[in-house]
Structures are given as C-alpha cells and as structure tokens.
Amino acid sequence: MSIRNNIEGLQQELQAHEVTLIAVSKTKSNEDILEAYEAGQRLFGENMVQELVAKQEALPKDIEWHLIGHLQSNKVKYIAPFIVMIQSVDSLNLLKEINKYGAKNNRVIDCLLQVHIADEEAKFGFDHAELIEVLRDEALSDLKNIRIRGLMGIATNTDNEKHIKEEFYELKMLFDGIKVSFFRKEDSFDTLSMGMSSDYTIAIEQGSTMIRVGSTVFGKRVIKHFKASEG
Ligand SMILES: *Cc1c(COP(=O)(O)O)cnc(C)c1O
C-alpha cells in the first residue's frame, strides 16, 4: 500500500464521522510527507521540536502543524511563529509560556490539555484533579494569546479493547463535564483528540473528534537505538 492509498482509505473511513485526521509524520522523511500532501492531507503531527522546525522550513507553507509530544518551556519560542495547535500542554506554566510567545508573534495559539488516562506511569499529562485546578486558576483569563480548544489523551498500549474503551469513555465524560462547567458555547472548546493507529476505531466510537495516526499512514517507524558513545 502506498501512502496515498492509506490517506485516501482513512479519509473515506472518516467520511461518516466528524473526525479530523492528523497524519503523524515523526521520524518520516519530507518525501513521505509530500506524498501524503499530494493526496490532499494538510494536517501533520510531530513530537520533537527540532525535527518539526526543520520540516516546517522545508515543506509547503499551507501545512498545518500540530505538536503532539512533550514540550519544554524553553523551546516554545521555536514553534510559536507557525504552530497551529499544541496538543500536549501539561502545565499552567507551559500555557503561560505559549501565551507569551503567542503575543510576541501576534498570534493566538490553539492548545489541548493532555490528560493522563493510561495505566503506564511514563505518559505525560494532567490527572483529573490537576486539570480542574488549572481550569479554575484565575491566571487563565489573562492569557489572551492562547485558546484552550479541548483535551488530548493516549490510551494504554494493550490488546485489551475493553480496557481501551473504558479509558476513552472516561476521557469523553471528562471532556463533556469540563465543557459545560468551564466554557461557554462561543468558546470553541470542541476538540477531543484521542485514537492512534491501533485504537482509532474504538476512539471514534467513544466520541473522538480528532485522531492522530502515524504507522497506518506511513508504515512502521524504525526505532533508532543509540549507544551513549555515539552521542
Ligand atoms: C506517535 C504518536 C501517535 C501515532 O502513533 P501510531 O501508532 O503510529 O499511529 C499518536 N499520538 C502521539 C502522541 C504519538 O506520539
């Protein structure tokens, strides 16, 4: 299967749903990304700032880039001029930093708050209590150069579909609850980013509005293992 076929197949699958496809292009070449672009794909997701900046410079300027990986505060300035959405916001401090560089670039940057829904310890994101605390913080209303568009979550990496379904269900309930408690209709809190190659059909059943799909579009990623001596 070609990348073009994969994109077209996915778009066809999504037609019946109001779900946006983010093609996750991390580790993939500019040529691969262009193949997806030629098939009509414009929304791409990356998880490393350096790689994202290099690709943004090299590739067509009507690509809409989403950051989906952990972001350090000191790197916000590199992506603030062009990033369309930061899906991996996991602290109030980071929101403030994004706001600061949004203002410097005269832009409003869309953000999703990442919620920790998986069993694994290693995944980033707010727990429920932390999330509520941030949403209640009075400092939020001063941040005019960010817009909180919704939530993002990554399910546990497991074959247990029932378990994945429960995690997505829980995130959807949280999303609905937060929407009515903290946002007004005109606020466009409308994005629930959940679902990857292995679990996007479950995520869509549970109310996802945005899926982040990598290997099903581009094929498996080669994981590079570096020895310390190789730097
Ligand atoms: C890599 C990645 C994806 C895509 O993963 P696939 O299994 O290749 O679809 C989605 N979301 C995040 C946050 C990722 O880091």
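Here the structure is shown first, and the text comes after it.
As the structure is a prediction and not an experimental result, all values here were calculated from the model. (Residues numbered from 1 in each chain as written. Predicted model: local features only at pLDDT ≥ 70, side-chain atom pairs only at ≥ 80, totals over all residues. Heavy atoms only, no water.)

Participant: Describe in detail the overall build of the protein chain, supporting the description with residues and values.
Facilitator: Counting its secondary structure elements, the protein chain contains nine helices and eight strands. On C-alpha atoms alone, the protein chain measures out to a radius of gyration of 17 Å, which is about the 17 Å that the 2.2 N^0.38 rule sets for 231 residues. Within the span of the protein chain, comprising 231 residues, buried residues form 47% of the whole. Looking at the protein chain as shown, the accessible area adds up to about 12200 Å², and 48% of this sits on carbon and sulfur atoms. The averaged location of the 36 negative side-chain charges in the protein chain is 4 Å from the averaged location of its 28 positive side-chain charges. (Helix = DSSP H or I, 4+ residues; strand = E, 2+ residues; numbered from the N terminus. Rg over C-alpha atoms; globule rule 2.2 N^0.38 Å. Buried < 20%, exposed > 50% of the residue type's maximum accessible area, 1.4 Å probe, protein only. Areas by Shrake-Rupley, 256 points an atom, 1.4 Å probe, with all protein chains shown as cover. Lys, Arg positive; Asp, Glu negative; His and termini not counted. Charge placed at Lys NZ, Arg CZ, Asp CG, Glu CD.)

Participant: Please set out the pairing of strand β1 (residues 20–24) residue by residue, giving values where relevant.
Facilitator: In summary, the side chains of a regular strand alternate between the two faces of the sheet. The element β1 is largely enclosed, with a buried count of four among its five residues. The pairing of β1 with strand β8 (residues 210–213) spans four bridges and is classified as parallel. Each residue of the ladder has a partner; that of I22, found in β8, is R212. In this sheet, strand β2 (residues 43–46) lies alongside β1 in parallel orientation, the contact comprising two bridges. Across the sheet, A23 pairs through a bridge with F44, a residue of β2. The parallel pair β1 and β2, bridged by helix α2 (residues 30–38), forms a crossover whose chirality is right-handed. (Pairing = 2+ DSSP bridges. Right-handed = clockwise from strand over helix to strand, strands pointing away.)

Participant: An account of the site of the ligand is requested, with residue identities and associated values reported.
Facilitator: Around the ligand, the neighbouring residues are V24, K26, I68, I154, M196, S197, R212, V213, G214, S215 and R221. Grouping the amino acids of the shell around the ligand by side-chain chemistry returns five nonpolar, three polar and three charged. (Near = heavy atom within 4 Å. Nonpolar A, V, L, I, M, F, W, Y, C, P; charged D, E, K, R; others polar.)

Participant: An account of the pattern of salt bridges is requested, with residue identities and associated values reported.
Facilitator: Two side chains with opposite charge may pair up if their charged atoms get near one another. Applying the stated rule across the entire model yields twelve salt bridges. In this structure, the salt-bridge partner of R149 is D190, at a minimum N-O distance of 2.9 Å. Note that R149 is positioned in strand β6 (residues 146–153) and D190 in the loop between α7 (161–182) and β7 (191–194), a separation of 41 residues in sequence. Since its relative accessible area comes to 35%, D190 is described here as partly exposed. With its nearest N and O atoms 3.0 Å apart, the salt bridge here joins D187 to R184. Judged by relative accessible area, R184 falls into the exposed class, the value being 52%. One salt-bridge network, in which partners are shared between bridges, spans D110, R147, R149 and D190. (Salt bridge = Lys/Arg side-chain N within 4 Å of Asp/Glu carboxyl O.)

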